[in-house]
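# A look at the structure
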Amino acid sequence: MSFENLGLSTGLLRAVATQGYTCPTPIQAQGIPVILEGRDVLAGAQTGTGKTAAFTLPMLQRLSSRGHPKANGKGPRALVLAPTRELAAQVGESVSVYGAHLPLKSTVIFGGVGIQPQKDALRRGVDILVATPGRLLDHVQQGTADLSEVEILVLDEADRMLDMGFIHDIRKVLALLPKRRQNLLFSATYSNDIKRLADSLLHQPVLIEVARRNTAAESVTQHVYRVDKDGKRDLLIHLIDDGQWFQVLVFTRTKHGANRLAEQLNRAGIDAAAIHGNKSQGARTKALTGFKDGSLRVLVATDIAARGLDIDRLPHVVNYELPNVPEDYVHRIGRTGRAGEEGAALSLVGSDEVKLLKDIQRLLKKDIPVLQVPVFEPKALAPARQPEPTKKSRSGGGRQQHGKPGGKRPQNNNGSAPSSRRKRRSRGGRPAVVGQA
Ligand code: AMP
């Protein structure tokens, strides 16, 4: 199967070739032809499967191949709703990249950044609008987004939008759209809520289900360390140091836990930052950029924040705590071993998490091998930067908390941290050396 067989136009084929894609992924091979036909689609596909191109390529083709008798010519003709700012930004980027040779305009709108540039872009007119639901409704209320000309609606990561409580916003948006339109719903899981949404939204949809990452991603090695809460931090520090891991995505269950762990890693001389919903857009972007370019060694994330992060070939993913929902484990490890690269996923499992582990193994239909916890000397942490109690009471404007976005601030109020940090960083910022799990 090649992209040429899917019926895509030369402009799109050129863009795909520029990306270096040689053959379509399963979701693309199955999705592109039916979306080109104008059918509604219900697709079970996760991040990492190539789902963005699966809906973006045919969407661009349909928008560019037809005449468009619009009343005012400004309203978007395609609307993509995404749960998080990061995912919206990534989809927007894909739209620009794949549409590079087409005369279509697109823009991305999400909260946490100034609204005026978004208003200006909408006023100039766009063909494709990628948005998070809340900010989109802000624009609708202020009269700056007109959804009356939408021909194609995409709900990307619909399950996550429902998890995040966007169902009411989604319903409000749906009420503003023309009745006749094409609907594409992408979701990694099929809960009853998703089924209900799909039933109310889709007309005779084509169902597409692609292999889950856990069956597809054989290149990810998975292991478990049985270690209780108190021992997790020291073990993680040891593993990162000893294995010389230079790009590690660590998952915690809570935002507070992410902040605390990032702070502790920094105190151990390991550059780390937390990324979660309470962080400003600037802090998130900075952390992500640092992580991608290798200057930030560890990104500590909650599930929701990590959703949609497109980080290729991530060598290490660590579940500092197991997720409550087994499917989230699959999403998490889907961050590593992408595009056929080797990756290692490691879970630190306390005695209170054994049931969660069993649920995950049931979903995977296999046991995850348990590694023996190595004997090591725990590393001493530099003292905390300053006493924290006042920060807990939201004095930091809602987003400072314990963590240090960017993880770069020196901890030199008590002496020892800067030198150990410098030593670590000078070992070679790029993830050239990849240790064993
Ligand atoms: P997605 O599931 O949309 O988040 O895409 C995951 C990653 O796969 C992105 O980095 C894409 O650039 C990449 N990708 C998408 N389609 C292909 C393809 N046909 N061949 C190789 N890589 C692809």
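Rules used throughout
Residues numbered from 1 in each chain as written. Predicted model: local features only at pLDDT ≥ 70, side-chain atom pairs only at ≥ 80, totals over all residues. Heavy atoms only, no water. Axes fitted to C-alpha atoms, helices over the stretch in contact; angles between N-to-C directions. Helix = DSSP H or I, 4+ residues; strand = E, 2+ residues; numbered from the N terminus. Parallel < 35°, antiparallel > 145°, perpendicular 65-115°, else oblique. Contact = heavy atoms within 4.5 Å. Nonpolar A, V, L, I, M, F, W, Y, C, P; charged D, E, K, R; others polar. Phe/Tyr/Trp six-rings, centres within 6.5 Å; stacked < 30°, edge-to-face > 60°. Lys NZ or Arg CZ within 6 Å of the ring centre and 35° of its normal. Near = heavy atom within 4 Å. Polar contact = N/O pair within 3.5 Å; in protein donor to acceptor, adjacent residues only side chain to side chain. Areas by Shrake-Rupley, 256 points an atom, 1.4 Å probe, with all protein chains shown as cover. Pairing = 2+ DSSP bridges. Core = buried A, V, L, I, M, F, W, Y, C linked by side-chain atoms within 4.5 Å. Buried < 20%, exposed > 50% of the residue type's maximum accessible area, 1.4 Å probe, protein only. pLDDT = per-residue confidence, 0-100. Right-handed = clockwise from strand over helix to strand, strands pointing away. Salt bridge = Lys/Arg side-chain N within 4 Å of Asp/Glu carboxyl O.

### Some points on the packing of helix 8 (residues 167-175) against helix 9 (residues 192-201)
It is at 13 Å that the axes of helix 8 and helix 9 come closest, and there the two elements cross at 5°. Considering their axes alone, helix 8 and helix 9 lie roughly parallel with respect to each other. Residues I167, I170, R171 and L174 of helix 8 form the contact with helix 9, whose own contacting residues are L197, S200 and L201. Split into classes, the residues belonging to the contact of helix 8 with helix 9 amount to five nonpolar, one polar and one charged.

### Considering the packing of aromatic side chains
Each pair of aromatic rings is reported with the distance of its centres and the angle of its planes. Counting across every chain of the model gives two aromatic pairs. Positioned above the aromatic ring of Y320, the side-chain terminus of K232 is 5.9 Å from the ring centre. Directly above the ring of F246 sits R297, whose terminal nitrogen or CZ lies 4.6 Å from the centroid.

### Some points on the site of the ligand
As a matter of local geometry, the ligand sits amid 15 residues, with Y21, Q28, G48, G50 and T52 nearest to it. The side chain of Q28 places a nitrogen or oxygen atom 2.8 Å from a nitrogen atom of the ligand. In isolation the ligand has 500 Å² of accessible area, and contact with the protein removes 78% of it. Split into classes, the residues belonging to the shell around the ligand amount to four nonpolar, eight polar and three charged.

### A few points about the sheet that holds strand 11 (residues 298-301)
Read from one edge to the other, the open sheet built from seven strands follows the order 10-11-9-12-13-8-14, with strand pairing classed as parallel. The sheet terminates laterally at strand 10 (272-275) and strand 14 (370-371), the two strands that pair on one side only. Inspection of the sheet shows strand 9 (residues 248-251) paired to strand 12 (residues 316-319) by four bridges, in the parallel sense. Residue pairing in the sheet places V248 in a bridge with H316 of strand 12. Contacting strand 9, strand 10 and strand 11, helix 12 (residues 255-267) crosses the sheet at an angle of about 170° to strand 10. Sheet strands touched by helix 15 (residues 326-333): strand 8 (220-226), strand 9, strand 12 and strand 13 (343-349). Its angle to strand 12, the strand with the most contacts, is close to 155°.

### Some thoughts on the sheet that holds strand 6 (residues 182-187)
Across the sheet, which stays open at both edges, the seven strands sit in the order 3-4-2-5-6-1-7 with parallel pairing between neighbours. On the outer flanks of this sheet lie strand 3 (106-109) and strand 7 (206-209), each paired with one strand and no other. The sheet shows a mean angle of 10° between the axes of neighbouring strands, direction not considered. One ladder, built from four bridges, connects strand 5 (residues 152-155) with strand 6; its direction is parallel. Of the residues in strand 6, the one forming a bridge with L155 is L185. With respect to the sheet, helix 3 (residues 51-65) is in contact with strand 2 (78-81), strand 4 (128-131), strand 5 and strand 6, its orientation differing from that of strand 5 by roughly 170°.

### Some details on the packing of helix 15 against helix 16 (residues 354-364)
With their axes 8 Å apart at the nearest point, helix 15 and helix 16 run at an angle of 70° to one another. One finds that helix 15 runs roughly perpendicular with respect to helix 16. In contact with P326, E327, Y329 and V330 of helix 15, helix 16 contributes D359, I360, L363 and L364. Among the residues forming the contact of helix 15 with helix 16, the class breakdown is six nonpolar, no polar and two charged.

### A word on the nonpolar core
Ranked by size, the top nonpolar core spans 41 residues in total, and within it L8, L57, M59 and I128 carry the most contacts. Apart from residues no more than four positions distant in its own chain, L8 is found in contact with F3, L13, I32, L36, L57, P58 and Q61.

### Considerations on the confidence of the model for the chain
On average, residues of the chain score 83 in pLDDT, and 81% of them reach the 70 mark or higher. Note on residues 390-437: pLDDT is under 50 here. Beyond four places in sequence and across chains, it has 95 contacts.

### A look at the pairing of strand 10
Taking every second residue as pointing to the same face, both faces of strand 10 are buried, with A272 and A274 on one and A273 and I275 on the other. Where strand 10 meets strand 11, four bridges bridge the pair, whose relative direction is parallel. Across the sheet, residue A273 finds its bridge partner in strand 11, namely L299. Remark: the strand 10/helix 13 (residues 281-293)/strand 11 crossover connection has right-handed handedness.

### Regarding the pattern of salt bridges
Considering all chains together, one arrives at 18 salt bridges under this definition. For the salt bridge of D156 with K51, the shortest nitrogen-to-oxygen distance reads 2.9 Å. In this pair, D156 sits in the loop between strand 5 and helix 7 (158-163) while K51 sits in helix 3, placing the two residues 105 residues apart along the sequence. Comparing D156 with K51 shows no difference in burial state: the two are buried. Between D120 and R123 there is a salt bridge, with its nearest N and O atoms 3.3 Å apart. With D120 and R123 both in helix 5 (residues 116-124) and three residues apart, this pair spans about one turn of that helix. By relative accessible area, which is 26% here, D120 ends up partly exposed. Connected through shared salt-bridge partners, K51, D156 and E157 make up one network.

### A closer look at helix 1 (residues 10-18)
Of all the residues in helix 1, the buried ones are G11, L12, L13, A15 and V16. Looking at the buried residues of helix 1, the elements they touch are helix 3 and helix 4 (85-98). Just downstream of helix 1 lies G20, where phi reads positive at about 85°.

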